[in-house]
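Now for the letters of each chain:
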Amino acid sequence: MSRKYLIAGNWKMNKTATEAADLVQEINSLAGSQTSVQVCICPSFTALSKSSELVEESEVFLGAQDMSPEPSGAFTGEVSAEMLRDLYVTFVILGHSERRQYFNETNEVINRKILAAIQNNLKPIFCIGETLDERESGSTLEVVRTQVREGLAGYPSSAIENLVLAYEPVWAIGTGKTATDEMAQEVHADIRKVLKEMFGDSAGDSVRILYGGSMKPENADGLLSQPDVDGGLIGGASLTSRAFCGIVDAAGRACA
Ligand code: PEP
């Protein structure tokens, strides 16, 4: 089963629309014409419109960082799936640990968002991962399995090709600490086992599972060469074109 590598940049609450435009243009010129690796950038909502125009002629895909589970209506401050589609957004990050931690997102809320995303033909990048306490108490696999099962409850097999998962150990996000290649592979293989139980062997084999947590050009080769690591969700290192495209290059080497 060959899965195309996906390298996605989560810009978080960084870059004005003007600053984003500069970064998009740099990424376009460094990685915007290659097709061996799928590349996606996820700017903040305010930069989506401008970024969308700039990636129109390139191979770079656009993603959002969150989305409302509701279709429309009196939900002040929220952004719907339809609004994202209108800007030619393809991917949407859902269940990021910062949303779980600071905005109290539960597996149930994340599940509603995932189902709303696929109903609108958006591809969820569904984030899961354990805290440091959970890793130290030996419950990593149990925590991650529960997140996968609850987050994907009711997910239709017919939309399996739209699904992307991102294993992001919370203790590795923005900390400079990275899971070892072996730690990442162990959890990714376990996630794939759960996906196979839920959707069948061939569907489980087809889903891309990204690693996220302080990935940078220096550690990307090792992580991306693991058999069940199909790309990266990149935070800090996605804010400069050189570092981000260095990881895209590493993915290109891994699939060569
Ligand atoms: C993230 O927030 O998704 C992430 C992986 O961040 P960082 O690369 O900075 O650890």
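The structure this text deals with has already been given above.
The structure reproduced in this document is the subject of the present report. It should be emphasised that the depicted structure is a prediction, and the values quoted were computed from it without experimental measurement.

1. Focus on the packing of aromatic side chains
Then step 1. Enumeration according to the criterion identifies three aromatic pairs in this entry.
Then step 2. Between Tyr155 and Phe199, the aromatic rings sit 6.0 Å apart at their centres with planes inclined by 80°, giving edge-to-face as the arrangement. Note that Tyr155 is positioned in the loop between helix 7 (140–151) and strand 6 (164–167) and Phe199 in helix 8 (residues 181–199), a separation of 44 residues in sequence.
Then step 3. Positioned over the ring face of Phe103 is Arg99, at 4.0 Å from the centre of the ring.

2. Some remarks on the nonpolar core
Then step 1. Within the largest apolar cluster, 70 residues are counted, with the highest numbers of intra-cluster contacts made by Leu152, Leu165, Ile191 and Leu195.
Then step 2. Considering every element that reaches this core, the biggest residue donor is helix 11 (residues 241–255), with seven residues.
Then step 3. Residues contacting Ile191, with those up to four places away along its chain left out, are Ile128, Val144, Val148, Leu165, Tyr167 and Ile209.
Then step 4. Listed in part, the twelve residues of the second largest apolar core include Phe91, Ile125, Val164 and Ala166.

3. A word on the site of the ligand
Then step 1. Every one of the 14 residues lining the ligand counts as a neighbour, but Lys12, His96, Glu168, Gly174 and Ser214 are closest to it.
Then step 2. Take Lys12: an N or O atom from its side chain is 2.6 Å from an oxygen atom of the ligand.
Then step 3. Taking 290 Å² as the accessible area of the ligand by itself, protein coverage stands at 96%.
Then step 4. Looking at the shell around the ligand residue by residue, the classes come out as four nonpolar, eight polar and two charged.

4. Observations regarding helix 7
Then step 1. With twelve residues, helix 7 should reach 16 Å at 1.5 Å per residue; the first-to-last C-alpha distance of 16 Å fits that figure.
Then step 2. Every buried residue of helix 7 is listed here: Thr140, Val143, Val144, Gln147, Val148 and Gly151. All buried residues of helix 7 lie within an arc of 130° about the axis, which places them on one face of the element.
Then step 3. Residues of helix 7 that are buried sit in contact with helix 4 (97–102), helix 5 (107–119), strand 5 (123–128), helix 6 (132–136), strand 6 and helix 8.

Procedures and definitions
- Residues numbered from 1 in each chain as written.
- Predicted model: local features only at pLDDT ≥ 70, side-chain atom pairs only at ≥ 80, totals over all residues.
- Heavy atoms only, no water.
- Phe/Tyr/Trp six-rings, centres within 6.5 Å; stacked < 30°, edge-to-face > 60°.
- Helix = DSSP H or I, 4+ residues; strand = E, 2+ residues; numbered from the N terminus.
- Lys NZ or Arg CZ within 6 Å of the ring centre and 35° of its normal.
- Core = buried A, V, L, I, M, F, W, Y, C linked by side-chain atoms within 4.5 Å.
- Buried < 20%, exposed > 50% of the residue type's maximum accessible area, 1.4 Å probe, protein only.
- Contact = heavy atoms within 4.5 Å.
- Near = heavy atom within 4 Å.
- Polar contact = N/O pair within 3.5 Å; in protein donor to acceptor, adjacent residues only side chain to side chain.
- Areas by Shrake-Rupley, 256 points an atom, 1.4 Å probe, with all protein chains shown as cover.
- Nonpolar A, V, L, I, M, F, W, Y, C, P; charged D, E, K, R; others polar.
- Expected span 1.5 Å × (residues − 1).
- Arc of directions from axis to C-beta.

These results come straight from atomic positions and should not be treated as a statement about function.
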